[in-house]
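Structure assessment
Below are the chains, spelled out letter by letter.
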Amino acid sequence: MVQKYLVFMVQVHLNFRLAELDSLADLHGIKTVDFTQYQRDSPFFIVELENDEQARKWISRSILTRAIYEYWGQGENYNQLHESVQQNPRFPQFLQEYRNTSFKFEFDSFGGSSSGKVNRVACIESFKYLDFQGPIRMKNPEQIFTVIEEYEPLNDNQAGETPLRLFFGREVQRSDRLRGALEKYDLKKRPYKGTTSFEAELSLVSANIAQVKPGTVMYDPFAGTGSFLTAGGHYQAIVIGSDIDGRMIRGKGTQTIKANFKKYNDSLQFLDVLTMDFTHNALRSDLLIDTILCDPPYGIRESIKVLGAKDPERFVGKENVEINGQKAYLMRDYIPTKKPYSLDALLDDLLHFAAERLPSNGRLAFWMPVANDENIETIIPLHANLELKYNCVQEFNKWSRRLLVYINRGSDFNGPQNVGLERSKERFRDRYFNGFN
Ligand SMILES: C[S@@+](CC[C@H](N)C(=O)[O-])C[C@H]1O[C@@H](n2cnc3c(N)ncnc32)[C@H](O)[C@@H]1O
């Protein structure tokens, strides 16, 4: 038998919210969520699920959700709410099931704070027909019953006088967001961070949409200061990163990626990071990689470089230069030559690598910048074996970035492809610094 649940979401990053809910449902094998009822402009979503366990699993990791409740009723005012609760077909069952459990009432709201507007004691009294006989416990009650009020905000800081809508339900699961994930991973409090560090909220959302799973291996080929490694570690994957810039992944003194993992009590999840050009990848070909999650160089803060010589002629015959009898390129302080590379070519390499290395149904997720001031069509990189599952846009003033998420469907898939083609006609870096039109 299915039961009704109320999902209470946050009204931010709306282009990512549905993808997160969909990915988390799929991750837990929950096939029955009817997304036709989902509304982008509302923080509330009523769904049918089999039981509390499904609801718990689904919402526990969510970042763009606050909590999920067993749905008891709703109304435009308290009279309507009480009527709706009492007309719920499961009302007699609710009364029986929660008659003797310890409990408390809580209030939550959307669109402003209800504090001062509602006489909470009187409001709780108005539910006396529930006839709960169990003890009221403010700390660790067995059940929490929640009244959620939806206000139309008068302005950014002020809620309207009376709620537009009210919901009542039994709390089943608070999300990762409500349990403090954003505060825990806040960049301001992170020991090692840099100019390329990715903010906590969207790196955790990315890990959810990429379906990073406990006990699997997640790889970030452009790890930098390790923001995505941190997010993967939070979801208990074993994480490995690489970066062409050894200084970035090594950090300095006590400010290292390893120190971040220690602070978060996730040290066991951190496999290692290595200095490596992604396009000359040295990871063993039989190393299993379940998920790839990254933020490739856009060429904004760092130019895109790979190992090699811009002018190879200059180096002919110099491969074997020796210093004190030792080959120069084998010395610890040898700095290899690098040459510029295009974002298109780098993303092609990333798609090829993912198609070759990910297991069937494994996900590749990466961020791609786009200038959106001119009517230039954004061409999304496509590989024949990778299904493009999500294309979530984060808009800034004159540019945007997209989280592109692909699923490896294997060589039988044969989807559309554009690898090897020049896709980005404008040079993003030049335009970022010289001004968009
Ligand atoms: C946008 S940053 C990623 C930042 C990272 N998410 C963080 O948390 O700091 C891109 C990174 O790619 C690295 N990179 C550039 N070219 C590379 C290459 N060919 N192979 C590996 N890493 C490369 C840069 O050194 C930079 O650290």
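Details of the structure are given in the entry above.
This text gives an overview of the structure that appears in the document.

Rules used in this analysis
- Residues numbered from 1 in each chain as written.
- Predicted model: local features only at pLDDT ≥ 70, side-chain atom pairs only at ≥ 80, totals over all residues.
- Heavy atoms only, no water.
- Axes fitted to C-alpha atoms, helices over the stretch in contact; angles between N-to-C directions.
- Helix = DSSP H or I, 4+ residues; strand = E, 2+ residues; numbered from the N terminus.
- Parallel < 35°, antiparallel > 145°, perpendicular 65-115°, else oblique.
- Left-handed = near helix turned anticlockwise from the far one by under 90°.
- Contact = heavy atoms within 4.5 Å.
- Nonpolar A, V, L, I, M, F, W, Y, C, P; charged D, E, K, R; others polar.
- Buried < 20%, exposed > 50% of the residue type's maximum accessible area, 1.4 Å probe, protein only.
- Pairing = 2+ DSSP bridges.
- Salt bridge = Lys/Arg side-chain N within 4 Å of Asp/Glu carboxyl O.
- Near = heavy atom within 4 Å.
- Phe/Tyr/Trp six-rings, centres within 6.5 Å; stacked < 30°, edge-to-face > 60°.
- Expected span 1.5 Å × (residues − 1).

As a further point, take the packing of helix α7 (residues 200-209) against helix α8 (residues 227-234). Two numbers describe how α7 lies on α8: the axes approach to 9 Å, and their chain directions differ by 60°. Our classification of the angle between α7 and α8 gives oblique. Judged by the sense of rotation from one axis to the other, the crossing of α7 with α8 is right-handed. Counting all contacts with α7, which are made through S203, L204, S206 and A207, the residues of α8 involved are S227, F228, A231 and H234. Among the residues forming the contact of α7 with α8, the class breakdown is 4 nonpolar, 4 polar and no charged.

Let's shift gears to the pairing of strand β4 (residues 103-110). Extensive coverage of β4 is indicated by the burial of 6 of its 8 residues. Of the strand pairs in this sheet, β4 and strand β5 (residues 143-150) are connected by 8 bridges, and their pairing is parallel. The residue of β5 that forms the bridge with F107 is V147.

Pairing in this open sheet of 7 strands is mixed, and the strands run β11-β10-β9-β12-β17-β19-β18 from one edge to the other. The open sheet has two edge strands with one neighbour each: β11 (270-275) and β18 (386-395). Averaged over all adjacent pairs, the angle separating strand axes in this sheet is 20°, with direction ignored. As judged from the 4 bridges shared by strand β12 (residues 291-294) and strand β17 (residues 363-371), these two strands associate in the parallel manner. Of the residues in β17, the one forming a bridge with I292 is L364.

Glancing now at the pattern of salt bridges. Under the criterion given, the structure shown has 19 salt bridges. Put simply, R66 and D108 hold a salt bridge, and the shortest N to O gap is 3.0 Å. Of the two residues, R66 is situated in strand β3 (residues 65-75) and D108 in strand β4; the sequence distance between them amounts to 42 residues. D176 is paired through a salt bridge with R179; the nearest N and O atoms lie 3.6 Å apart. Classification of R179 as partly exposed rests on a relative accessible area of 45%. Taken together, the shared-partner salt bridges connect D52, R56, E70, R90 and R170 into one network.

Here the focus is the site of the ligand. Near the ligand you find 24 residues, and of these T196, T225, S227, D243 and D277 are the closest. Elements that contribute at least two residues to the shell around the ligand include exactly α8 and β13 (305-307). Looking at the shell around the ligand residue by residue, the classes come out as 12 nonpolar, 6 polar and 6 charged.

What follows is about the packing of aromatic side chains. On inspection of all chains with the given rule, the structure shows 30 aromatic pairs. Taken together, a centroid distance of 5.6 Å and an interplanar angle of 25° make the contact between F16 and W367 stacked. Here W367 lies in strand β17 and F16 lies in helix α1 (residues 14-27), a separation of 351 residues in the sequence. In terms of burial, F16 and W367 fall into one category: buried. For the ring pair F103 and F132, a centre distance of 5.0 Å and an interplane angle of 65° mean the geometry is edge-to-face. Of this pair, F103 sits in strand β4 while F132 sits in the loop between α5 (120-125) and β5, and the two are 29 residues apart along the sequence. With relative accessibility at 8%, the residue F103 sits in the buried group. An aromatic cluster is built from W72, F91, F94, Y98, F103, F105, F127, Y129, F132, F145 and F168, whose rings are joined through pairwise contacts.

What follows deals with the sheet that holds strand β1 (residues 3-9). With mixed pairing, 6 strands are arranged side by side in an open sheet as β2-β1-β3-β8-β5-β4. Of all strands in the sheet, those with a lone pairing partner are β2 (44-49) and β4, marking the two edges. Taking each pair of neighbouring strands and ignoring which way they run, the sheet shows an average axis angle of 40°. Pairing analysis gives 6 bridges linking β1 to β2, with the strands arranged antiparallel. Within β2, the residue paired with V7 across the bridge is F45.

All right, on to α1 then. Helix length check: α1, at 14 residues, gives a terminal C-alpha distance of 20 Å against a target of 20 Å (1.5 Å per residue), a fit within 8%. Downstream of α1 by one or two residues, G29 has phi in the positive range, about 65°.

Look at D131: it is not a glycine, yet its phi comes out positive at around 55°. Along the chain, D131 falls in the loop between α5 and β5. Positioned with a positive phi, Q211 is a non-glycine residue whose angle comes to about 55°. If you trace the backbone, Q211 turns up in the loop between α7 and β9 (217-220). By relative accessible area, which is 5% here, Q211 ends up buried.

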